[in-house]
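As a plain string of letters, each chain reads:
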Amino acid sequence: MNLALFIPELALVATAVIVILLDLLTEQKRLLAQVSISGLVVAGGVTVAMWGHNFPTIFNNMLAVDNFALFFKMLFLGVAFLVILSSVDYVIKFARFQGEYYALVLLATLGMMLMAATTNLIAIYIAIELTSISLYALVGFLKDAKSTEASLKYLLLGAVASAVLLYGMALIFGFTGKTNLHDIAQSIQALSPPTLFASPALILGIVLLVAGFGFKIAAVPFQMWVPDVYEGAPTPITAYLSVASKAAGFAIILRVFFSAFGQPDWLSQNWGLIFAGLAVISMTLGNIMAIPQSNIKRLLGYSSIAQAGYLMVGLAALGVSPVGDILGQSGVLFFLASYVFTNMGAFIAVIAISGKLNSDLIDDYAGMGKRAPLLALALTLCLISLIGMPPAAGFMAKFYIFSAAVQHDLLWLVVIAVLNSVISAYYYLRVVKVMWLGQAASQEKVPSSAALRLALVLSCLGVLLLGIIPGYMMRLAELAARIFIP
Amino acid sequence: MGLVISFWILAAICILAALGVIFLRNVFRAALSLILCFLMVAGLYITLSADFLAAVQILVYVGAISVLIILAIMMTREVQRGSPSNRLQIPAFIVAILLLEVLVLTLLKTPWQIATTPPLAPTTTALATRLFGEGGFILPVEIAAVLILSAILGAIVLAREK
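Residues numbered from 1 in each chain as written. Chains lettered and ligands numbered in written order. Predicted model: local features only at pLDDT ≥ 70, side-chain atom pairs only at ≥ 80, totals over all residues.

Looking at this structure, I do not really get the overall build of chain A. What am I missing?
Looking only at helices and strands, chain A features 20 helices and 0 strands. Dimensions of chain A, computed from the C-alpha atoms along their principal axes, are close to 70 × 55 × 40 Å. Put simply, chain A has 486 residues, and 60% of those count as buried. Contacts spanning at least 24 positions in sequence make up 80% of the contacts within chain A whose residues lie at least 6 apart. (Helix = DSSP H or I, 4+ residues; strand = E, 2+ residues; numbered from the N terminus. Buried ≥ 20, exposed ≤ 12 C-beta atoms within 10 Å, placed from the backbone. Contact = placed C-beta atoms within 7 Å.)

What is the right way to read the environment of A:Ile252 from this model?
All names here are of chain A. By the secondary structure assignment, Ile-252 is in helix α11 (residues 235-259). For Ile-252, a count of 25 C-beta atoms within 10 Å puts it in the buried group. What Ile-252 contacts, discounting residues up to four positions off in sequence, is Met-115, Ile-124 and Phe-213.

Is there a simple way to think about the nonpolar core in this case?
Taken as a class, soluble globular proteins show a tendency for nonpolar side chains to be buried jointly. All names here are of chain A. Residues Val-79, Val-313, Ala-316, Ile-348 and Ala-349 are the most contacted members of the largest nonpolar core, which totals 209 residues. It is helix α14 (residues 326-357) that contributes the most residues to this core, 18 residues altogether. Look past the residues within four positions of Val-79 in its chain and what remains in contact with it is Tyr-240, Val-243, Ala-244, Val-340 and Met-344. (Core = buried A, V, L, I, M, F, W, Y, C linked by C-beta atoms within 7 Å.)

What's the story with the interface of chain A and chain B in this structure? I'm lost.
Accessible area lost on assembly of the parts is the figure often given for the size of an interface. Between chain A and chain B, the residue contacts involve 35 residues of the former and 27 residues of the latter. Those elements that place two or more of their residues in the side of chain A that touches chain B are α4 (98-117), α5 (121-139), α6 (145-176) and α9 (200-217) of chain A. Considering each element in turn, the side of chain A that touches chain B owes the most residues, 10 residues, to α5(A). Class assignment of the residues belonging to the side of chain A that touches chain B gives a composition of 24 nonpolar, 8 polar and 3 charged. (Nonpolar A, V, L, I, M, F, W, Y, C, P; charged D, E, K, R; others polar.)

Explanation requested: the packing of α9(A) against α11(A) in the structure shown.
Two quantities define a packed helix pair, namely the angle between the axes and the distance from one axis to the other. All names here are of chain A. Packing of α9 against α11 brings their axes to within 7 Å, and their N-to-C directions diverge by 155°. Judged by the angle between their axes, α9 and α11 are roughly antiparallel. When α9 is examined against α11, the residues Leu-209, Phe-213, Lys-216 and Ile-217 are found in contact with a partner set consisting of Ser-245, Lys-246, Ala-248, Gly-249, Phe-250, Ile-252, Ile-253 and Val-256. Per-class residue counts for the contact of α9 with α11 are 8 nonpolar, 2 polar and 2 charged. (Axes fitted to C-alpha atoms, helices over the stretch in contact; angles between N-to-C directions. Parallel < 35°, antiparallel > 145°, perpendicular 65-115°, else oblique.)

Shown next, in the form of structure tokens:
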């Protein structure tokens, strides 16, 4: 086995330990952020260098080092980079435990990287738990009433979701006798269709897996934790949850459902229809519940539920299509990349504005266009991207996913999705209207730090580049999705 | 035959104890019932030839976790009032019954993978080889170590004084 292929993960663990120890020794707390970022850069550099080599799996077929895993690893490392940049000013408010904050962010990133790469049910479960436990602690980091309530809710519901997931995995293991995704696929394909059809354990196992993973991606009806947790958590962590945690959930869904349950066709059509149903209720409920919200973090929380719905339109299209649909798969990956940049950008702008105002209420954003024109412009761009209007990335992302769905006779689903996009425009544009046309309570400027500005510029650049020249990212996504084409 | 009979006796007590956890109003009694349930699960493991797992179950759950639960109850005030019931009792009951039906049907109708080799005894060496040996589950073991680090960090952070 080649341990060199494990360097990105090892680098993250090492950085996390160094950050904790350094926290004891130094008074210069900004150093902690710098060390964390350099650890991420090292891990990212090695990951980029591994791209495109088609390495074999390591750890006895448990960890894939394919382009799909590398694509997501780069995504998570990028998000962690932005999260740490946008946390610098936020964390400085804590008197103690800054090292633990950065270490937990790094360990959660490690968990997500493993989620995207593991190909064994046992390793998948432990990777999910590593991510979740780090996030539970981060959500409760503020220790005020709201943050503690959010953390407790997230912990309890997350534990239930884990139990459901484990039960599903146990049923699938009991039915196939295997834990490796590839072996599961082989033993399912070896069975005759009538036996498969008469095996409720497989179906129930898949349904329970959908429920367990659905909690991670915050799909309706597994979304009840979202608004309270998003509101109570420290804002950089809310951004992290809404972006990376969701992307990791989709990464694991794609890998498990394609590697293990991609064949025979009727099986994939069945789970495709499950995702179609979840997509409809997630989009509709997410968008309708977002309309009356007055808190920007709750609004973005419901919006992220709706976005998960659009993504599941892509999953449904993949499920019902016969194998080899490279456009659909790379479309889902492209949507995830564009969603990551867009939502990160929106949250970084919120961190900058709310940090100054000490309020998350949308009404308090009135007159931001005059008080902080650049922040307001960036937030506007990101909200436009979330609606799916050109020239932002969200337009191309929705275009790819919806056209894949239309090609596979899911026109009804696309009609619902487009109607939902129209509904969503209402509440996104309301924020824009308040910012640019509302009367400011004071004329005081809203300054922001260099780290926040850098993070915001990077995210907005990503949103614009993906929207104007989507070809490059699309090619990366195609290379990453190729592992699912037999 | 003796194994089969003891399996069913243990299973029945286990389910009764689990029901006790739910229906006993007094939190302390519910905790004792939970410990009985843990103990019965350890017994089930023995009847299933999982000797190492049974020992771990007794050490960790019956030994450590139960002490933790009882300590937590001792430190909590107003235990005597018991756990309040809520309006969702009946819907929850219906959902639970439906779930039970689905699970039982699934168990009965599925053609399960049944091992043809007799169970190993003792299992400790084989488990160690699978976990730490060549071609085994060393990756999950290592991730579990990092997971515990993360849990310790979380505990330190959440238990701090404000």
